[in-house]
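# Chain and residue survey
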Amino acid sequence: QTQLFGVLLAAASNFLISVSLNIQKCAHLRLVCQAEQKPYYTSKQWWCGITLLGLGEVGNFTAYGFAPIALVAPLGCVSVIGSAFISVFFLKKTMRTADILGGTLTITGIYLLVTFTPNVPQELTARQVQNYLVSWPFLVYSILEILIFCILLYFYKRKAVKHIVVLLMMVALLASLTVIAVKAVSSMIALSVKGKMQLTYSVFYIMSVLMATSCAFQIKFLNQAMHLYEATAVVPINFVFFTTSAIISGVIFYREFQSAALLSMFMFLFGCLLSFLGVIIIARNKKEEHLQIPFIDCGHIPGQKLTGKIQPDSHCSCYGTLNKEDDLVKRQS
């Protein structure tokens, strides 16, 4: 029952995030279309979207205290398929065949994930976290992760390599630490609320600092990727990398598949594959939103004759021509 609650909470939270993102996008589009331009933070609709986003993130954080990482992390695909379907109502987009196919594959994958994820005890004490931190599998995993991250950071800083795979791999490596810390902090808070105080242990504050630091740098590199590349490329790759790293960290740190049967592991991995494929299909060939650029009316420029309304051309250095034939004839005569 505890794990089921975590699953439902994670799914509802990700759906709430997809609603919030569409509301924010709708608010931005409405502000752009207004004659008098106002800052986005003056819009009540935008604040409504931000509030829902905050509630969704809090729900996701809480879900890690009730369900395994291997189950909560892949449920992030709910926000992707939710956004694809909700945008039909908020942004008046048309439903594509790819959206239906991708949504079907993703929902099938979610069903397999929920069905075949091992049911592990979710009461995680501070002493257990301390033991996991000094276990040899996690120490080996940490050393490998630090080495890979340093190599990627070297290419990023010294060689100025800004490839999408490099950026999102760094995000995924940081995300693996984030989900480990989030689960530890969430579980210790949940136990403390139940009466088993865990907040007096130093490991709680160590994990809190790790959570905040890794999350901050994760956002930094993710924003860089979003700035350099289209969201249609960043979203599916980031989802695949993040989910994979989160599952690996849960398996190594929390030993979530320690007693799982071979069939359960195979079906779980197959569910992940279907979810990945569904998200990629939804995001593939999805057109980016471009705002309409208004025509420039030069009819009120003194001394010039207007040949028509001029549309800015991004492929040309000039913005059009003004009729100067009369002036040129006068000068030649």
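One structure accompanies this document, and this report is about it.

Scoring rules and cut-offs
- Residues numbered from 1 in each chain as written.
- Predicted model: local features only at pLDDT ≥ 70, side-chain atom pairs only at ≥ 80, totals over all residues.
- Heavy atoms only, no water.
- Helix = DSSP H or I, 4+ residues; strand = E, 2+ residues; numbered from the N terminus.
- Expected span 1.5 Å × (residues − 1).
- Buried < 20%, exposed > 50% of the residue type's maximum accessible area, 1.4 Å probe, protein only.
- Core = buried A, V, L, I, M, F, W, Y, C linked by side-chain atoms within 4.5 Å.
- Domains from an automatic or database assignment.
- Contact = heavy atoms within 4.5 Å.
- Axes fitted to C-alpha atoms, helices over the stretch in contact; angles between N-to-C directions.
- Parallel < 35°, antiparallel > 145°, perpendicular 65-115°, else oblique.
- Left-handed = near helix turned anticlockwise from the far one by under 90°.
- Nonpolar A, V, L, I, M, F, W, Y, C, P; charged D, E, K, R; others polar.

### Considerations on the environment of A231
Locating A231 in the fold gives a position in helix α10 (residues 231–253). Note: C-alpha distance between A231 and A283 (52 residues apart in sequence) is 8.5 Å.

### Thoughts on helix α5 (residues 97–116)
Look at α5: 29 Å from first C-alpha to last across 20 residues, which is about the 28 Å you get at 1.5 Å a residue. Buried within α5 are the following residues: A98, D99, G102, G103, L105, T106, G109, I110, L112 and L113.

### Re the nonpolar core
In summary, soluble globular proteins display a tendency toward joint burial of nonpolar side chains. Core analysis: the largest hydrophobic core is formed by 48 residues, its most contacted members being Y64, M207, Y254 and F268. Per-element tally for this core: the top contributor is helix α8 (residues 164–193), with 7 residues. Residue-level mapping places this core at the junction of two domains, with at least three residues from each of domain 1 (1–120 + 261–291) and domain 2 (122–255). Filtering out sequence-adjacent residues up to four positions away, M207 remains in contact with V129, L133, I180, A181, A184 and V185.

### Comments concerning the packing of α5 against helix α11 (residues 262–283)
At their nearest, the axes of α5 and α11 sit 7 Å apart, and the two run at 160° to each other. Classified by the angle between their axes, α5 and α11 sit roughly antiparallel to one another. Regarding α5 and α11, the two cross each other, and that crossing is left-handed. For the contact of α5 with α11, the residue count by class is 16 nonpolar, 9 polar and 1 charged.

These figures capture arrangement, not role.
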